[in-house]
Structure formats: structure tokens, C-alpha cells
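Summary of the model geometry
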Amino acid sequence: MQPKHHIIIDTDPGQDDALAILLALASPEIELIGICAVAGNVPLSLTQMNARKICELAGKPDTKVFAGAIRPMLRPLVTAEHVHGKTGLDGPVLPDPVMPLQAQYAPDFIIETLMSRPAGTVTLCCLGPLTNIGLALVKEPRIASRIKRIIAMGGGWSEGGNITPVAEFNIYVDPQAARLVFDCGAPLTLIPLDVTHQALTTRKRVEKFRKMENRTGPAVAELLDFFERFDVEKYGTDGGPLHDPCVIAWMLHPELFTGKDVNVAVECESELTMGQTVVDWWRVTSRPHNAHYVRGIDHDAFFKLLTERLATLA
Ligand code: BDR
Ligand code: CA
């Protein structure tokens, strides 16, 4: 199959990031041009390593992985070991990667890719704080008009926040970068907590991964066993929200989701509400639409897609 999506994944793995990367690697419609690591769930030294571990788990060691920002644009780094564990990928024991880390700085790779490929052909799939994209936009603003679409997991409105009462982690960690990205003029899809909190890793779903006869499936089940324990206790649900794979699933099958075009602004001034995404869902301002804001998901179809695709990996 000729790939119809040419993408860069920008990520801070993270167990749920890992599943998103695996879904992309398992999808013949996707050309994964490169993976850019950013500091987020854990520091950059771990996220770049985790990205490579995932590629090797999937049997795709030729994937290009780049390291980017070591910290947010203006604020000190906040991490989430309380959710993801000390390594960011706690759960299974995955061997240290053998595949190399690319020498190029991730924001430069993003710029070079967007400037050298035909305009409107490259999609940015963003699974972590938006620092790398923000830095690329500052260094080379002309990339904005060349991006096909930015699909970013981040924010929350009806669901509130997960790192503060009103802020979602990815936006909270680098709100200045998020504001730059939201206002850059490129088509933007936001996958907020409002939708990811409907995509739960129930026991039944996790067992399907565990029963797979490949290497990836059981490792994924172990990743999810670890990942969901925090949210299960917090929310009292059967399983935790599987945030980041929704980004890849929306790109492949937008018909599994519902949402609408709105204005989303990012709070960057108040410490109390830092990183809040202010979503004009009811159009009470005249601020222009800058995002397609996703709020609904066919979660059974989403997990079916994920299960079928991951079964094809090593
Ligand atoms: C987001 O924060 C991270 O912990 C997850 O990987 C996801 O990208 C959810 O708020
Ligand atoms: Ca993430």
C-alpha cells in the first residue's frame, strides 16, 4: 500500500506514547518520517531512549529518532514519574536500544523536513509538550504554512485538568509553546482529556494484548498494567485513559470521532490556572476558529483498530 500519511511523531514516551508509536509503525497507510523526543513525562535522556526501545520492540530499528528540547521554552520542566514510573516506560523490562540516536537536533529535523518536502504533505503528530514544535516555529516561521495538519494530544475543557484542577499535563508543561502552536495558523486538531477519558484500558481490552502471539502484545499488556494503576485509583474506573494513540487513530479514521471547530486559547499568565485551555465551545467570543476540538469517540472501534494493528508487529 502507498502510504497516504507522511508524519513526524513528536513525543515524550510514556506508556501511552509507546502505544501511539506502535500503532503508527503497524499502519501501512503511514510513512513515519521520524520520531522527535522531547522532555515531558520524564527527562529527555529517557524519552529519546524510550522511543528507540519501542521501535526495537516493534522490530523497526531503522526508524529515525531525534532528540530535541531538554526543557520547556520558558518554564522549568515538570515531569510525571508518579504516572509513568521512574523510567517513563515502567512495566516490562525492555532491553537498552542498539539502534542509534540521530545526530540532528529535533527542531532542525522538523524544519528541514517541512522545508524540503512539498508543502501541505507532512502531518505533525504531537504526543507531549509542544516545545520542539514551538522552537521550530520560532527559528523558521515559514514552516507554519507548509504543515498539512498538527494533531496534538492536549488540553481539556468539560473534563477539567489532570495535573492541576484546570490544566492537562502536555499543555501545562510548556504553555508558551502551546500558545505559539495554537496561533501559528496551521490546521490543528486537538485531542483533549474530554475524549481520551472515554478510551479506557479495561481488563478485557488489556487481556487481548496479552494473548497476542507476538513479542509486542504481551509487552504492551505489561505497559498498560503499570500505566493504568494510577488512574484506576484516581478515577475509580475499569482501566485508565489511553490518551496518545487517539492522535494516530484520529488521523487514520476521523469518522470514529466527533468534534467541532472552535477557538482554543492557552492561559500563560496566571499561576493558578497556568496551561488551561480556554475553549470557546459555545461561540461566546468572536475569536476565530483555530482548532478542531475532538470530544467523542467510538471507543470499541478504536480498541479494535489498535488490537488488529499491533497484532501485525514483531
Ligand atoms: C498526556 O500526558 C502524558 O502523561 C501522557 O503521555 C499524555 O500525552 C495526558 O495528559
Ligand atoms: Ca505523551
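Residues numbered from 1 in each chain as written. Chains lettered and ligands numbered in written order. Predicted model: local features only at pLDDT ≥ 70, side-chain atom pairs only at ≥ 80, totals over all residues. Heavy atoms only, no water.

A few points about the packing of helix H9 (residues 203-210) against helix H10 (residues 216-235)
Put simply, the test is: Fitted lines through C-alpha atoms give the axes, limited to the stretch in contact for helices. The angle between two N-to-C directions lies from 0 to 180 degrees. Note on conventions: DSSP H or I runs of at least 4 residues are helices, E runs of at least 2 residues are strands, and numbering of each starts at the N terminus. Orientation is classified from the angle alone, with under 35 degrees giving roughly parallel, over 145 giving roughly antiparallel, 65 to 115 giving roughly perpendicular, and any other angle giving oblique. Whether two residues touch is decided by their heavy atoms; if any such pair falls within 4.5 Å, the residues are in contact. Throughout this entry, Asp, Glu, Lys and Arg are counted as charged residues, while Ala, Val, Leu, Ile, Met, Phe, Trp, Tyr, Cys and Pro are counted as nonpolar. The remaining residues, Gly among them, count as polar.
Axis separation between H9 and H10 bottoms out at 6 Å; the angle between their running directions is 150 degrees. One way to sum up the angle between H9 and H10 is to call them roughly antiparallel. Taking contact as the criterion, the partners of Arg 203, Val 206, Phe 209 and Arg 210 in H9 are, on H10, Gly 217, Pro 218, Val 220, Ala 221, Glu 222, Leu 224, Asp 225 and Glu 228. Tallied by class, residues from the contact of H9 with H10 come to six nonpolar, one polar and five charged.

Side note on the layout of surface pockets
Quick note on the threshold: Cavity and pocket criteria rest on a 1 Å grid covering protein atoms alone: a 1.4 Å probe that fits but cannot get out defines a cavity, protein on both sides within 12 Å along at least 5 of 7 lines defines an open pocket, and an atom within 4 Å of a point defines a lining residue. Grid points are joined across faces, edges and corners, and a volume is the space filled by probe spheres set on the points.
Taken as a whole, the largest pocket holds about 180 Å³ of empty space. If you trace the largest pocket, you find it lined by Thr 202, Lys 204, Arg 205, Lys 208, Asp 300, Phe 303, Lys 304 and Thr 307. Broken down by secondary-structure element, the contributors of at least two residues to the lining of the largest pocket are H9 and helix H12 (299-310). At four residues, H12 tops the list of elements feeding residues into the lining of the largest pocket. When its residues are assigned to classes, the lining of the largest pocket shows one nonpolar, two polar and five charged.

Remarks on the pairing of strand E2 (residues 30-37)
Spelled out, the test is: Under the scheme applied here, a residue whose accessible area is under 20% of the maximum for its type counts as buried, over 50% as exposed, and between as partly exposed, the area being computed with a 1.4 Å probe on protein chains only. Strand pairing is defined by DSSP finding a minimum of two bridges between the two strands. When the strands point away from the viewer, a crossover counts as right-handed if the route from the first strand across the helix to the second turns clockwise.
Most of E2 is tucked away: seven of the eight residues are buried. Direction of pairing for strand E1 (residues 5-11) relative to E2: parallel, over a ladder of seven bridges. Looking at the pairing, His 6 lines up with Glu 31 of E2. In this fold, E1 hands off to helix H1 (residues 15-25), which returns the chain to E2; that crossover is right-handed. Pairing geometry for E2 and strand E3 (residues 65-67), over three bridges, is parallel. Bridged to Ile 35 within E3 is Val 65. Handedness of the β-α-β unit built from E2, helix H2 (residues 44-57) and E3 comes out right-handed.

Describing H1
Counting buried positions over the 11 residues of H1 gives 11, a clear majority of the element. Three or more residues of H1 are buried, namely Gln 15, Asp 16, Asp 17, Ala 18, Leu 19, Ala 20, Ile 21, Leu 22, Leu 23, Ala 24 and Leu 25.

Section: empty space enclosed by the protein
In this structure the tally under the stated criterion is one cavity of 30 Å³ or more. If you trace the largest cavity, you find 23 residues lining it, with Asn 41, His 84, Asn 162, Phe 169 and His 243 closest to the centre. Breaking the lining of the largest cavity down by element, the ones donating at least two residues are H1, helix H3 (81-84), helix H6 (169-173) and H10. For the lining of the largest cavity, the leading source of residues is H10, giving five residues. When grouped by side-chain class, the residues that make up the lining of the largest cavity number nine nonpolar, seven polar and seven charged.

Notes on unusual backbone geometry
In this structure, the amide linkage connecting Pro 13 to the following residue, Gly 14, adopts the cis form with an omega of 0 degrees. Considering the arrangement of structural elements, one finds Gly 14 in the loop between E1 and H1. Of note, the phi angle at Arg 283 is positive, near 55 degrees, even though the residue is not glycine. Tracing the backbone shows Arg 283 in the loop between strand E9 (277-279) and strand E10 (291-297).

Let's talk about the site of ligand 1
For the record, the criterion: When at least one non-hydrogen atom of a residue lies within 4 Å of a molecule or strand, that residue is treated as near it. Counting of polar contacts relies on pairs of N or O atoms within 3.5 Å, with two restrictions inside protein: one atom must be capable of donating a hydrogen and the other of accepting it, and residues adjacent in sequence are counted only when both atoms are side-chain atoms. Here, Shrake-Rupley sampling with a 1.4 Å probe gives the accessible areas, and only protein chains in the shown set may cover a residue. Any molecule with more than half of its atoms within 2 Å of a cavity's or pocket's grid points is regarded as sitting in that cavity or pocket.
Taken together, the neighbourhood of ligand 1 is formed by Asp 16, Asp 17, Asn 41, His 84, Leu 127, Met 153, Asn 162, Glu 168, Phe 169, Asn 170, His 243 and Asp 244. In this structure, Asn 41 approaches ligand 1 through a side-chain N or O atom, which is 2.7 Å from an oxygen atom. Within the side chain of Asn 162, one N or O atom sits 2.8 Å away from an oxygen atom of ligand 1. The fraction of the free accessible surface of ligand 1 (280 Å²) that becomes covered by protein chains is 96%. More than half of the atoms of ligand 1 fall within 2 Å of the grid points belonging to the largest cavity. At the level of secondary structure, the elements contributing two or more residues to the shell around ligand 1 comprise H1 and H6.

Examining the pairing of strand E6 (residues 188-191)
Burial along E6 is two-sided: Leu 188 and Leu 190 facing one way and Thr 189 and Ile 191 facing the other are all buried. Where strand E5 (residues 147-153) meets E6, four bridges bridge the pair, whose relative direction is parallel. Each bridged residue has a counterpart across the sheet, and for Ile 151 the counterpart in E6 is Thr 189. By the bridge criterion, two bridges tie E6 to E10 in an arrangement that is parallel. Across the sheet, residue Thr 189 finds its bridge partner in E10, namely His 292.

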